[in-house]
Amino acid sequence: MKVLMINGSPRKDGNTSIALEEMRKVFETEGVETECIRVGHMDVRGCIACGRCSELGKCVFDDCVNEFASMAKDADGFIFGTPVYYAHPTGKIQSFMDRVFYSAKSAFVHKPAAVISSSRRAGSVTSMDVLNKHLSISEMPIVTSNYWNEVHGHTPSDVEQDREGLDTMYALGKNMAWMLKCIEAGKKQELKFLKIKRE
């Protein structure tokens, strides 16, 4: 089992990284492989609604979005992380998710995922709401925790002292590992997903 963790922050070792690292440690103890992909520092273009992806089988802009889409096909779960800028996700991760979910939706269907955010004080819930819509419209089970999936702090040292936030990340990691194992057990029993479209 493998979880891809996507970091939408431009800062390599910022607050979002600390939250993702908290979950990575949980996944390691649960025997779940992880890989963290940073996109916040990359040049990510927004979707231009050209529709070429339906013809090409990939986004017309051949960058980190297509690279991630090919990785997503073999992944079992996903965590999307973003810092909060003006009460919304970063423009980079918003553009990244718009394009990858539009051009490669089949790589995500029926795979569990979660969105996390880091903020100084406010805007986390609205940011998560925006990104969670990518998951819900792609038939993905959304993994939850014991509180909103967020950490708070102005600096990394602040986040390291946010005990409640880090405990929430820990519980989120545990819940993700549990769901992955349940899905794996279902596959071994040859449990099939029900067809949604009417015959």
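## Things to note about unusual backbone geometry
Alright, step 1. Even without glycine at this site, Ala 49 takes up a positive phi of about 55 degrees.
Alright, step 2. Along the polypeptide, Ala 49 turns up in the loop between β2 (33–38) and α2 (53–56).
Alright, step 3. Positive phi outside glycine occurs at Tyr 86, with the angle close to 50 degrees.
Alright, step 4. Mapping Tyr 86 onto the fold places it in the loop between β3 (77–83) and α4 (91–103).

## Points about the sheet that holds β2
Alright, step 1. Read across the sheet, five strands follow the order β2-β1-β3-β4-β5 without closing on themselves; strand pairing throughout is parallel. Bordering the open sheet on either side are β2 and β5 (150–152), each of which pairs with just one other strand. If you compare each strand with its neighbour and ignore which way they point, the axes differ by 15 degrees on average.
Alright, step 2. Here strand β1 (residues 2–7) runs beside β2; their pairing, made up of six bridges, is parallel. Within β2, the position partnered with Lys 2 by the bridge is Glu 33.
Alright, step 3. Packed onto the sheet, helix α3 (residues 64–72) meets β1, β2 and β3 and runs at close to 160 degrees relative to β1.

## Description of empty space enclosed by the protein
Alright, step 1. Summed over all chains, the structure comprises one cavity of 30 Å³ or more.
Alright, step 2. In this model, the largest cavity occupies a volume close to 110 Å³.
Alright, step 3. Cys 47, Ile 48, Cys 50, Cys 53 and Cys 59 are the residues nearest the centre of the largest cavity, which is lined by 14 residues in total.
Alright, step 4. No other element matches the three residues that α4 contributes to the lining of the largest cavity.
Alright, step 5. Across the lining of the largest cavity, the residue classes break down as nine nonpolar, three polar and two charged.

Parameters and conventions
Residues numbered from 1 in each chain as written. Predicted model: local features only at pLDDT ≥ 70, side-chain atom pairs only at ≥ 80, totals over all residues. Heavy atoms only, no water. Helix = DSSP H or I, 4+ residues; strand = E, 2+ residues; numbered from the N terminus. Pairing = 2+ DSSP bridges. Axes fitted to C-alpha atoms, helices over the stretch in contact; angles between N-to-C directions. Contact = heavy atoms within 4.5 Å. 1 Å grid on protein atoms, 1.4 Å probe; cavity = no way out; pocket = protein on both sides within 12 Å on 5 of 7 lines; lining within 4 Å. Points joined across faces, edges and corners; volume = space filled by probe spheres on them. Nonpolar A, V, L, I, M, F, W, Y, C, P; charged D, E, K, R; others polar.

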